[in-house]
Amino acid sequence: MASRNSQQETVSLDSLSAQQLTAVKKQLDEEVEHLSGSYQQLAVAQAKFKECLHVVSTAGPTSLDDILVPLTNSLYVKGKLSEPDRVIVDVGTGFFVEKDTKSAAEFYEGKVKELGANIQELEAIIQNKSNSLRIVEEVLRQKVLAAGAGPGAGQAQAA
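These numbers come from a predicted model, not from an experiment.

Rules of the game
- Residues numbered from 1 in each chain as written.
- Predicted model: local features only at pLDDT ≥ 70, side-chain atom pairs only at ≥ 80, totals over all residues.
- Heavy atoms only, no water.
- Helix = DSSP H or I, 4+ residues; strand = E, 2+ residues; numbered from the N terminus.
- Contact = heavy atoms within 4.5 Å.
- Areas by Shrake-Rupley, 256 points an atom, 1.4 Å probe, with all protein chains shown as cover.
- UniProt positions renumbered as here; feature names shortened; annotations may be inferred.
- Phe/Tyr/Trp six-rings, centres within 6.5 Å; stacked < 30°, edge-to-face > 60°.
- Patch = residues over 30% accessible without salt bridge, like charges linked within 9 Å, V, L, I, M, F, W, Y side chains within 5 Å.
- Salt bridge = Lys/Arg side-chain N within 4 Å of Asp/Glu carboxyl O.
- 1 Å grid on protein atoms, 1.4 Å probe; cavity = no way out; pocket = protein on both sides within 12 Å on 5 of 7 lines; lining within 4 Å.
- Points joined across faces, edges and corners; volume = space filled by probe spheres on them.
- pLDDT = per-residue confidence, 0-100.
- Pairing = 2+ DSSP bridges.

S.K.: Give me the overall build of the protein: which residues, what numbers.
M.R.: Counting its regular elements, the protein contains three helices and four strands. In sequence order, the protein lays out its α and β elements as α-α-β-β-β-β-α. The contacts of the protein with a sequence gap of at least 6 include a subset with a gap of at least 24, amounting to 53%. Total accessible area on the protein stands at roughly 11,700 Å², and carbon and sulfur atoms take up 56% of it.

Here is the structure:
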């Protein structure tokens with residue numbers, strides 16, 4: 001199976017027809033679009049975790065003051081923190097865990113680092129796919145120009 005995959009990678013673009021190149025280009029376009037969407041989602045998630053880390057890191061004794069608790073995106077109620085050194089952390093899939101602020105900060109730092117690594121890997125994949133897409137587009141453009149120049153050149157010589 002590995003040899004089959006390596007054969008697929010070594011197919012010369014020059015040997016493909018314009019129609020086949022168009023199909024490859026369409027597939028690469030879709031892959032780049034999907035990967036870019038995933039990249040944006042990871043970046044948004046990382047920003048949210050950074051914000052959580054900032055909030056947990058800056059919480060302190062002054063947090064005993066009145067706070068606003070969000071009920072919806074635009075509705076808040078006043079509240080007081082009974083234990084400012086304890087927070088409830090969303091660990092994913094609807095599960096919440098009570099942690100002290102130090103371990104919550106460590107949790108969020110780990111998430112930010114993990115997402116950062118995933119983002120870097122995805123950037124490299126997107127870059128490779130984009131480069132492949134540019135190469136396919138260039139070969140396709142050359143094939144279209146060559147196909148258009150062939151009949152036109154014959155007509156010009158006959159005239």
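S.K.: Give me the lowdown on the UniProt feature "coiled-coil region" (unreviewed entry) in the protein, citing residues and values where you can.
M.R.: UniProt's feature table lists "coiled-coil region" (unreviewed entry) at residues 105–139, given in the numbering used throughout. Helix makes up 100% of residues 105–139 and strand makes up 0%, while its end C-alpha atoms are separated by 51 Å.

S.K.: How would you sum up the packing of aromatic side chains? Please name residues and give values.
M.R.: Under the counting rule described, the total for this entry stands at two aromatic pairs. Measuring from ring centre to ring centre gives 5.9 Å for Phe 49 and Tyr 108, while their planes differ by 40°; the resulting arrangement is tilted. Linking Phe 49 in helix 2 (residues 18–58) with Tyr 108 in helix 3 (residues 101–158), this pair joins segments that are 59 residues apart in sequence. Here the aromatic residues Phe 49, Phe 107 and Tyr 108 are joined through ring pairs into a cluster of three or more.

S.K.: Before we move on, can you summarise a nonpolar patch on the surface with the specific residues and values?
M.R.: A cluster of nonpolar side chains, Val 69, Leu 71, Leu 75 and Val 77, forms an exposed patch at the surface whose accessible area comes to about 310 Å². By secondary structure assignment, the location of Leu 71 is in the loop between strand 1 (66–70) and strand 2 (76–80).

S.K.: Tell me what's going on with the layout of surface pockets, and back it up with residues and numbers.
M.R.: Computed from the structure, the largest pocket encloses a volume of approximately 820 Å³. Forming the walls of the largest pocket are 25 residues, and the residues nearest its centre are Cys 52, Val 87, Ile 88, Val 89 and Tyr 108. For the lining of the largest pocket, the secondary structure elements donating two or more residues are helix 2, strand 3 (86–92), strand 4 (95–100) and helix 3. In terms of residue count, the dominant contributor to the lining of the largest pocket is strand 3 (seven residues).

S.K.: Can you break down the confidence of the model for the protein residue by residue, with the values?
M.R.: Within the protein, residue pLDDT values average 85, and 83% of them lie at 70 or more. For the stretch residues 1–8, pLDDT sits under 50, and the model shows zero contacts to residues farther than four places along the chain or on other chains.

S.K.: So what's going on with the pairing of strand 4? Which residues, and what values?
M.R.: Inspection of the sheet shows strand 3 paired to strand 4 by six bridges, in the antiparallel sense. Bridging across to strand 4, Val 89 finds its partner in Val 97. Hairpin connection, strand 3 to strand 4: the antiparallel pair is bridged by two residues, and Thr 93 has positive phi, about 50°.

S.K.: Could you give an account of unusual backbone geometry, naming the residues involved and the relevant values?
M.R.: Leaving glycine aside, a negative phi is the common case for residues, and trans is the common case for peptide bonds. Located in the positive-phi region is Thr 93, a residue other than glycine, with phi close to 50°. Position of Thr 93 relative to the elements: it lies in the loop between strand 3 and strand 4.

S.K.: Can you lay out the pairing of strand 1 for me, pointing to particular residues and giving the numbers?
M.R.: Judged from the five bridges that link them, strand 1 and strand 2 form a sheet pairing that is antiparallel. Pairing of Pro 70 across the sheet is with Tyr 76, part of strand 2.

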